[in-house]
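Summary of the model geometry
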Amino acid sequence: YLLQKVARSILKKNMQPGRPFIVAVEGNIGSGKSTFLEYFNNFEGVEVLSEPVESWRNLNGNNLLGLMYEDPKKWSFTFQSYVQLTMLQNHLKPTKASIKLMERSIFSARYCFVEKMKRDRILPHSSAAVLDAWFQWITNSMNINIDLIVYLRTSPEIVYQRIMERNRPEEKLVSLEYIQSLHEIHEDWLNNKCLHHCPAPVLIINADLDKAIIQREYQHWKSAILNEKP
Ligand code: TTP
């Protein structure tokens with residue numbers, strides 16, 4: 001079923017000559033999205049668009065990511081507005097490459113993070129409604145197609161351990177409960193119930209595997225990810 005969907009999406013792509021094959025890599029915080037992108041960055045014809053975390057940490061001297069973790073009720077709206085803008089910029093960035101590999105997408109920002117903040121009432125209805133109005137307008141009127149989602153599926157305990165080890169100062173306040181709940185939200189979106197709209201077929205990779213051996217998994221799925229002809 002997945003292969004059929006991928007084939008259909010390839011077919012669609014082939015009907016629009018010149019358009020790159022667009023892949024978004026998704027997964028919980030610490031699931032290894034950057035490592036995945038580093039690996040595929042080495043192949044010809046691939047352009048990698050990493051997540052603009054650095055600009056979230058320094059927008060004209062303001063660390064929006066840090067502010068959001070320190071005082072979520074006060075800063076989540078500001079932070080998610082900026083995340084949405086930077087995601088849109090990545091979606092719209094033109095490329096000459098035949099494969100565009102994106103770290104996350106405007107969809108996970110909305111369906112995972114904004115969703116979580118809404119559920120926890122960190123974002124009041126009024127603020128969530130404004131983010132949603134932008135999101136609806138963007139997704140309905142702009143060309144932000146994705147051909148494939150790679151879901152790096154992990155266990156919450158494993159990513160929590162990785163987050164603690166990488167020790168990003170802003171993420172000191174992240175709890176295991178938060179990671180567990182983000183995991184369930186990713187699962188609901190990409191694995192189980194398709195709770196939200198899925199913008200592309202989903203390829204699931206076991207990303208609990210250690211860095212040293214996960215390359216074998218990447219290698220295994222390389223032709224699907226890079227849209228190689230059999
Ligand atoms: P991730 O987008 O999950 O990136 P990462 O650096 O953890 O990826 P990986 O380890 O898999 O390479 O999260 C970056 C930080 O931004 C994290 O603290 C969660 C936060 N974040 C939000 O709060 N809201 C959002 O909409 C997004 C996309 C991230």
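Each value, and the rule that gives it
Residues numbered from 1 in each chain as written. Predicted model: local features only at pLDDT ≥ 70, side-chain atom pairs only at ≥ 80, totals over all residues. Heavy atoms only, no water. Pairing = 2+ DSSP bridges. Helix = DSSP H or I, 4+ residues; strand = E, 2+ residues; numbered from the N terminus. Axes fitted to C-alpha atoms, helices over the stretch in contact; angles between N-to-C directions. Contact = heavy atoms within 4.5 Å. pLDDT = per-residue confidence, 0-100. Patch = residues over 30% accessible without salt bridge, like charges linked within 9 Å, V, L, I, M, F, W, Y side chains within 5 Å. Areas by Shrake-Rupley, 256 points an atom, 1.4 Å probe, with all protein chains shown as cover. Salt bridge = Lys/Arg side-chain N within 4 Å of Asp/Glu carboxyl O. Near = heavy atom within 4 Å. Polar contact = N/O pair within 3.5 Å; in protein donor to acceptor, adjacent residues only side chain to side chain. Nonpolar A, V, L, I, M, F, W, Y, C, P; charged D, E, K, R; others polar. Phe/Tyr/Trp six-rings, centres within 6.5 Å; stacked < 30°, edge-to-face > 60°. Buried < 20%, exposed > 50% of the residue type's maximum accessible area, 1.4 Å probe, protein only.

Moving on to the sheet that holds strand 1 (residues 21-27). Ordered by their spatial adjacency, five strands build an open sheet running 2-3-1-4-5, and the pairing between neighbours is parallel. With one partner strand each, in any of the chains shown, strand 2 (46-49) and strand 5 (202-206) form the two edges of the open sheet. With strand direction ignored, the average angle separating the axes of adjacent strands in the sheet is 20°. Here helix 2 (residues 33-40) sits on the sheet and contacts strand 1, strand 2, strand 3 (99-103), strand 4 (148-153) and strand 5; the angle it forms with strand 3, its principal contact strand, is near 160°.

In this section: the confidence of the model for the protein. If pLDDT is low for a region, its predicted coordinates should not be looked at in detail. When pLDDT is averaged across the protein, the result is 92; 91% of the residues are at 70 or more. Confidence, expressed as mean pLDDT per element, reaches its minimum in the protein at helix 1 (residues 2-14) with 56 and its maximum at strand 1 with 98.

Together, Phe77, Val130, Trp134 and Trp137 make up a nonpolar patch on the protein surface, roughly 420 Å² of accessible area in all. By secondary structure assignment, the location of phenylalanine 77 is in helix 5 (residues 72-92).

As a structural note, the neighbourhood of the ligand is formed by 22 residues, with Ser34, Tyr69, Arg104, Arg166 and Glu171 the closest of them. Taking glycine 30, its main chain carries an N or O atom lying 3.0 Å from an oxygen atom of the ligand. Serine 31 is positioned such that a nitrogen or oxygen atom in its backbone is 3.2 Å from an oxygen atom of the ligand. When contributions to the shell around the ligand are tallied by element, the ones reaching two or more residues are helix 2, helix 4 (64-70), helix 5 and helix 6 (106-119). Ranked by the residues each element gives to the shell around the ligand, the list is headed by helix 5, at four residues. Of the residues belonging to the shell around the ligand, the class tally is 10 nonpolar, five polar and seven charged.

At arginine 104, a position not held by glycine, the phi torsion is positive, near 60°. Mapping arginine 104 onto the fold places it in the loop between strand 3 and helix 6. With a phi close to 60°, asparagine 167 is a non-glycine residue in the positive phi region. Mapped onto the fold, asparagine 167 is located in the loop between helix 8 (156-166) and helix 9 (176-190).

Turning to the packing of aromatic side chains, a few remarks are in order. Per the counting criterion, the structure on display carries 13 aromatic pairs. Their ring planes at 40° and their centres at 5.8 Å tell us that phenylalanine 40 and phenylalanine 43 sit as a pair that is tilted. Its relative accessible area of 24% is what places phenylalanine 43 among the partly exposed residues. Aromatic side chains tyrosine 111 and phenylalanine 135 sit 5.6 Å apart centroid to centroid with 75° between the ring planes, which places their arrangement in the edge-to-face category. In this pair, tyrosine 111 is assigned in helix 6 and phenylalanine 135 in helix 7 (residues 125-141), connecting sequence segments 24 residues apart. Of the two residues, tyrosine 111 and phenylalanine 135, neither departs from the other in class, the shared state being buried. By the ring-pair criterion, three or more aromatic residues cluster together here, those being Phe36, Tyr39, Phe40, Phe43 and Tyr218.

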